[in-house]
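Here is what each chain is made of, one letter per residue.
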Amino acid sequence: MDLHSVDEVLVPRTRAELPCASPGIGFIGGGTWLYSEPQPHLTTLVDLAGFDWKAVAVGDLGLEIAATCTIEELCRADLPTSWSAAALFQHCADALLASWKVLRYATVGGNIALSFPAGAMTTLCTALDAELTIWRPDGTEYSVPVVDFVIDDSRNVLGPGEIIRSIRIPVHALTARTAMRKLAQTSLGRSAVAVAGRCGADGFTLAITAATRRPYALKFDELPDAAALADALHSRIPEDAYFTDVHGTAPWRKAMTDLLSEEIRGELE
């Protein structure tokens, strides 16, 4: 897609070179969505690839993923064998409505920043207790859990000029056992329901996405039985959190979320 309204592309190499926040500025991770449709409100693009951030960094506290790390780079990263949850990376990548060509350029940070309900990197990060580091335009930064970052369909907590710098996943989540389920109304369609579970030393976490307008993380001290899980799904997720669009109705999404959540609980039991 040619973006005819854009007349300038900036490639900052340092944080000081980032432009001041103003209308018409858009930030590029991989650009796979941005170039997929007209963007008449944009006049300037800021390509974050110029920072040349290291895609993934393994440390004692866990994994740090640069916002510009591509989904392919994340799935192919050389990680400790004890990090069994790394298998979830590919499962979530496969849940995206994207070809291998898109996954080669689409970024983890970009998928989260779009804040679509079906954003599978949001699913991944919600299930693994990931936190974002956000750069403010005044030179400061702050952290926010991914589950709290997305607040509605295509809406998040980013303020004007703020960008995602990195995503951090803690060791306790990376060493857990995981399972995922994705459901769409066509074999290669956009996810209408996406559920991921994690069971480890800190208990059981269930991430509910795609069916709801924002992600939800249900946490338990230990793996619940079927009745306790069903009760939590009904009591902790508001009825109006489920939504209807061309990919499925709210009642169907809710019913399928219940079904897939129980499948995950059974697999991890």
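Our structure's up above, just so we're on the same page.
Quick look at the structure, then. (Residues numbered from 1 in each chain as written. Predicted model: local features only at pLDDT ≥ 70, side-chain atom pairs only at ≥ 80, totals over all residues. Heavy atoms only, no water.)

1. Notes on unusual backbone geometry
You will see that Asp52, though not glycine, has its phi angle at about 55°, which is positive. Among the secondary structure elements, Asp52 is positioned in the loop between strand S3 (44-47) and strand S4 (56-59). Residue Asp52 is classed as exposed on the basis of its relative accessible area of 67%. Unlike most non-glycine residues, Asp129 shows phi in positive territory, near 55°. Relative to the helices and strands, Asp129 resides in the loop between helix H5 (120-127) and strand S6 (131-135). (Helix = DSSP H or I, 4+ residues; strand = E, 2+ residues; numbered from the N terminus. Buried < 20%, exposed > 50% of the residue type's maximum accessible area, 1.4 Å probe, protein only.)

2. Details of the environment of Ala49
Secondary-structure assignment places Ala49 in the loop between S3 and S4. In the structure, Ala49 is positioned 29 residues away from Cys20 in sequence and 18 Å away in space, judged by C-alpha atoms.

3. Re the side chain of Thr123
Position of Thr123 relative to the elements: it lies in helix H5. Classification of Thr123 by relative accessible area gives buried; the value is 1%. Polar contacts involving the side chain of Thr123 include one to the side chain of Thr209, which spans 2.7 Å. In contact with Thr123, not counting residues within four places along its chain, are Met180, Ala194, Ala196, Ala207 and Thr209. (Polar contact = N/O pair within 3.5 Å; in protein donor to acceptor, adjacent residues only side chain to side chain. Contact = heavy atoms within 4.5 Å.)

4. What to know about helix H2 (residues 87-95)
For an α-helix the count is 3.6 residues per turn, leaving residues at separations of three or four pointing the same way. Within H2, burial applies to Leu88, Phe89, Cys92, Ala93 and Ala95. Down the axis of H2, the buried set is contained in an arc of 155°. They therefore lie on one face. (Arc of directions from axis to C-beta.)

5. Regarding the pattern of salt bridges
Applying the stated rule across the entire model yields 14 salt bridges. One salt bridge in this structure joins Arg104 and Glu72, with 3.7 Å as the shortest N-O distance. Residue Arg104 is found in helix H3 (residues 100-105), and its partner Glu72 is found in helix H1 (residues 71-75); the two are separated by 32 residues along the sequence. Exposure remark for Arg104: the relative accessible area of 36% places this residue in the partly exposed category. One salt bridge in this structure joins Asp258 and Lys254, with 4.0 Å as the shortest N-O distance. With Asp258 and Lys254 both in helix H9 (residues 250-268), this residue pair falls four residues apart, about one helical turn. The network of salt bridges with common partners includes Asp129, Arg198, Asp202 and Lys219. (Salt bridge = Lys/Arg side-chain N within 4 Å of Asp/Glu carboxyl O.)

6. Focus: the sheet that holds strand S2 (residues 25-28)
Ordered by their spatial adjacency, three strands build an open sheet running S1-S3-S2, and the pairing between neighbours is parallel. The strands lining the two open edges of the sheet, one partner per strand, are strand S1 (8-10) and S2. Going across the sheet, the axis of each strand differs from the next one's by a mean of 25°, ignoring polarity. Relative to S3, S1 runs parallel, the two sharing three bridges. Residue pairing for S3: Val9 is matched across the bridge by Leu45. (Pairing = 2+ DSSP bridges. Axes fitted to C-alpha atoms, helices over the stretch in contact; angles between N-to-C directions.)

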